[in-house]
Amino acid sequence: MKSHRRIQILRRRAAESQGWRCYYCLFPMWESNPEAFKTRYSLSSRAVRHFRCTAEHLTARCDGGRDIEENIVAACHYCNRTRHRRKRPKDAASFASFVRSRIDRGRWHLAPSPVSIGAEPGDPARKTRQTK
Ligand SMILES: [Zn+2]
């Protein structure tokens, strides 16, 4: 599965450059340790699944989007799934503003607000902290 492996590498690279935050909703994401993430953000087992880091094609595969660095960002499972569940998926930029307006109205995934999460920087998966 060469292409699967490639996507994985691109996803991780994108996630790192985004500080492990979803491209759309800007919430933190986890890659391999849901338990730690769940504890850290006091999420339910159901809610924690929304924040799994996934590879998102800015231009969808079915629209000719390719598995290349420029076309792959990291998005949480919830945003990724919700975007592509639509009959006519919005382009990435419109979807991002759609997501943010829903968050402002408290109508996105079940989670603490980005404000409270934002108060605690750092990547839970890698246990590194910015020292600035
Ligand atoms: Zn998201």
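Residues numbered from 1 in each chain as written. Predicted model: local features only at pLDDT ≥ 70, side-chain atom pairs only at ≥ 80, totals over all residues. Heavy atoms only, no water.

**A few points about the UniProt feature "domain: HNH" (unreviewed entry) in the protein chain**
Those places that UniProt annotates as "domain: HNH" (unreviewed entry) correspond, in this numbering, to residues 53–86. Strand forms 29% of residues 53–86 and helix 26%; the C-alpha atoms that close the span are 20 Å apart. (UniProt positions renumbered as here; feature names shortened; annotations may be inferred. Helix = DSSP H or I, 4+ residues; strand = E, 2+ residues; numbered from the N terminus.)

**Concerning the nonpolar core**
Core analysis: the biggest nonpolar cluster contains 28 residues, and C22, Y24, C25, C79, V99 and W108 have the highest contact counts within it. A per-element tally of this core places helix α5 (residues 92–104) first, with 6 residues. In contact with C22, not counting residues within four places along its chain, are F27, M29, A74, A75, C76 and C79. (Core = buried A, V, L, I, M, F, W, Y, C linked by side-chain atoms within 4.5 Å. Buried < 20%, exposed > 50% of the residue type's maximum accessible area, 1.4 Å probe, protein only. Contact = heavy atoms within 4.5 Å.)

**Here we look at the coordination of the zinc ion**
Around the zinc ion, the protein supplies C22 (SG), C25 (SG), C76 (SG) and C79 (SG) as donor atoms, at distances of 2.3 Å. For the zinc ion, the 4 donor atoms in the first shell make angles of 102 to 116° at the metal, so the coordination geometry reads as tetrahedral. Of note, the zinc ion draws all its donor residues from one chain, in the sequence arrangement C-x2-C-x50-C-x2-C. Placement of the pair is C22 in the loop between α1 (2–17) and α2 (34–41) and C79 in helix α4 (residues 77–85), with a sequence separation of 57 residues. We note that C22, like C79, is buried. (Donors = N, O, S within 2.8 Å, 3.2 Å for Na, K, Ca; no water. Tetrahedral: all angles 85-135°; square planar, octahedral: opposite > 155°, others 65-115°.)

**Quick notes on the packing of aromatic side chains**
Summed over the entire model, instances satisfying the criterion amount to 9 aromatic pairs. Centre to centre, the rings of F95 and F98 are 5.9 Å apart; their planes meet at 35°, and the pair counts as tilted. One end of the pair is F95 and the other is F98, both in helix α5 and 3 residues apart, which spans about a single turn. Its relative accessible area of 0% is what places F95 among the buried residues. By way of ring pairs, the aromatic residues Y23, Y24, Y78, F95, F98 and W108 are connected into one cluster. Over the face of the ring belonging to F98 we find R86, whose NZ or CZ atom lies 5.1 Å from the ring centre. Its end group placed over the ring of F98, K90 keeps NZ or CZ at 5.0 Å from the ring centre. (Phe/Tyr/Trp six-rings, centres within 6.5 Å; stacked < 30°, edge-to-face > 60°. Lys NZ or Arg CZ within 6 Å of the ring centre and 35° of its normal.)

**Focus on the pairing of strand β2 (residues 72–76)**
Buried residues dominate β2, accounting for 5 of its 5 residues. Burial along β2 is two-sided: I72, A74 and C76 and V73 and A75, pointing in opposite directions, are all buried.

**Digging into α5**
Between its terminal C-alpha atoms α5 stretches 19 Å, which fits the 18 Å expected from 13 residues at 1.5 Å a residue. Considered for burial, the residues of α5 that qualify are A92, F95, A96, F98, V99 and I103. Take α5 and look down its axis: the buried residues cluster within an arc of 165°, on one side only. Seen from the buried face of α5, the exposed residues on the opposite side, beyond 90 degrees, are A93 and D104. (Expected span 1.5 Å × (residues − 1). Arc of directions from axis to C-beta.)

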